[in-house]
Amino acid sequence: MTPWHLEPVVWGCPLGLVPPLLFAVVLGALVGLEREIHGHPAGLRTHILVILGSTLATLVSVWLAELGYGRGDPGRIAAQVVAGIGFLGAGAIIREGASVRGLTTAASIWATAMVGIAVGAGRSTAFVGGTATLLALIVLWWLHRLEDWMQRHGMRDRVLDMQIAETADTTNAVLTALSDAGVAVEGLAVEAVRGSAGRRMCVRVRLAAGQDPARLVARLADLPGVRSVTWE
């Protein structure tokens with residue numbers, strides 16, 4: 001590992017630590033911009049701050065080790081970043097009925113923090129961090145299109161989010177309509193809606209290849225007791 005140069009030093013602060021911080025901001029902005037474009041809550045600013053913080057923590061850890069503080073282990077602070085970033089990622093995960101949202105955003109936050117550690121560790125590992133960022137963008141952008149293609153060809157599950165009347169007949173009518181349409185039901189969750197007499201029904205389904213989701217939604221919306229139907 002080739003550490004960053006600490007010279008020159010101004011007011012006791014090594015200016016050689018500034019370039020890796022700027023490089024980290026650029027890498028974090030690339031991942032955050034992709035998340036921002038797709039409308040995720042953890043977007044540009046979140047990813048920049050995550051990678052900036054992890055890079056700074058690693059830089060300070062290496063710097064303190066070179067100055068002879070502690071036992072000279074530059075990985076001690078960085079190791080805490082690996083554990084601590086999990087709490088931030090967990091905050092991006094939301095469970096709604098039969099669906100879980102935010103897993104990809106949580107993973108991108110964690111990966112961005114790991115890139116920050118690579119950038120802060122040294123010049124050679126910064127190149128690895130840049131490569132990892134490029135691979136992350138390929139996964140987030142290109143595989144997103146692949147997942148859309150799989151959904152259109154009936155190869156991935158989707159979740160129907162419905163507001164229904166609080167009757168067993170409505171639930172049975174929805175399941176019957178899905179069965180008649182040739183839709184496979186992979187999961188079902190019904191929960192009460194606070195402050196309302198109705199219920200929320202989340203159904204994880206798998207459409208057949210070539211099946212029109214809009215037509216299925218319209219068919220379900222016409223059922224008695226179904227108040228609204230949306231896709232997730």
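Just above sits the structure.
Predicted, not measured: the structure shown is a model, and the values here were computed from it.

A. Representation of the overall build of the chain in the model. Counting its secondary structure elements, the chain contains seven helices and eight strands. Relative to its 232 residues, the chain shows a buried fraction of 35%. Sequence separation of at least 24 residues holds for 66% of the intrachain contacts in the chain that already meet a minimum separation of 6. Approximately 13,000 Å² of the chain is accessible, and the part contributed by carbon and sulfur atoms is 63%.

B. Geometry of the sheet that holds strand β7 (residues 199-206). The four strands are arranged β6-β7-β5-β8 in an open sheet whose pairing can be described as antiparallel. The open sheet terminates on both sides in strands that have one partner only, identified here as β6 (184-192) and β8 (226-231). Ignoring strand direction, the axes of neighbouring strands in this sheet form an average angle of 20°. In terms of strand pairing, β6 meets β7 through eight bridges, oriented antiparallel. Paired with Glu-191 across the strands is Arg-200, a residue of β7. Its contacts with the sheet put helix α6 (residues 168-180) on β5 (158-164), β6, β7 and β8, and the angle it makes with β7 is roughly 15°.

C. Examining the environment of Ala-132 more closely. Here Ala-132 shows up in helix α5 (residues 123-152). Overall, Ala-132 belongs to the partly exposed group, its relative accessible area being 33%. In this structure, the C-alpha to C-alpha distance between Ala-132 and Leu-27, residues 105 residues apart in sequence, is 9.7 Å.

D. Structural context of helix α7 (residues 213-221). Those residues of α7 that fall on the buried side of the exposure criterion are Leu-216, Val-217 and Leu-220. For α7, the angular spread of buried residues about the axis comes to 100°, placing them on one side. Away from its buried face, by an angle of more than 90 degrees, α7 presents the exposed residues Ala-214 and Arg-215.

E. Highlighting the packing of α6 against α7. Packing of α6 against α7 brings their axes to within 10 Å, and their N-to-C directions diverge by 145°. Judged by the sense of rotation from one axis to the other, the crossing of α6 with α7 is right-handed. For the pair α6 and α7, contact is made by Val-174, Ala-177, Leu-178 and Asp-180 and by Leu-216, Arg-219 and Leu-220, respectively. Along the lines of polarity and charge, the residues of the contact of α6 with α7 split into five nonpolar, no polar and two charged.

F. The pairing of β7, seen in detail. Examined bridge by bridge, β5 and β7 share seven bridges and lie antiparallel to one another. Its bridge partner lying in β7, Leu-160 is registered against Val-203.

G. Main features of the nonpolar core. Counting residues in hydrophobic clusters, the biggest one holds 18 residues, and the most contacted among them are Leu-160, Met-162, Val-174, Leu-178 and Leu-220. Of all the secondary-structure elements, those providing two or more residues to this core are β5, α6, β7, α7 and β8. Excluding anything up to four places from it in sequence, Met-162 contacts Val-174, Arg-199, Arg-200, Met-201, Val-203, Leu-220, Ser-228 and Val-229. Core analysis: the second largest hydrophobic core is formed by ten residues, Ala-42, Val-50, Ala-57 and Ile-109 among them.

H. The arrangement of the side chain of Ser-54 in detail. Structurally, the position occupied by Ser-54 is in helix α2 (residues 44-67). A relative accessible area of 2% places Ser-54 in the buried class. From its side chain, Ser-54 meets the backbone oxygen of Ala-113 in a polar contact 3.2 Å long. The contact partners of Ser-54, leaving out residues within four places of it in the chain, are Val-81, Thr-112, Ala-113, Gly-116 and Ile-117.

I. Expanded view of helix α1 (residues 18-37). Counted at 1.5 Å a residue, the expected span for α1 with its 20 residues is 28 Å, and the 29 Å between its end C-alpha atoms agrees. Restricting attention to buried positions, one finds in α1 the residues Pro-20, Ala-24, Leu-27, Gly-28, Val-31, Gly-32, Glu-34 and Arg-35. Trailing α1 by a residue or two, Gly-39 shows a phi angle of about 75°, which is positive.

Conventions we followed
- Residues numbered from 1 in each chain as written.
- Predicted model: local features only at pLDDT ≥ 70, side-chain atom pairs only at ≥ 80, totals over all residues.
- Heavy atoms only, no water.
- Helix = DSSP H or I, 4+ residues; strand = E, 2+ residues; numbered from the N terminus.
- Buried < 20%, exposed > 50% of the residue type's maximum accessible area, 1.4 Å probe, protein only.
- Contact = heavy atoms within 4.5 Å.
- Areas by Shrake-Rupley, 256 points an atom, 1.4 Å probe, with all protein chains shown as cover.
- Pairing = 2+ DSSP bridges.
- Axes fitted to C-alpha atoms, helices over the stretch in contact; angles between N-to-C directions.
- Arc of directions from axis to C-beta.
- Left-handed = near helix turned anticlockwise from the far one by under 90°.
- Nonpolar A, V, L, I, M, F, W, Y, C, P; charged D, E, K, R; others polar.
- Core = buried A, V, L, I, M, F, W, Y, C linked by side-chain atoms within 4.5 Å.
- Polar contact = N/O pair within 3.5 Å; in protein donor to acceptor, adjacent residues only side chain to side chain.
- Expected span 1.5 Å × (residues − 1).

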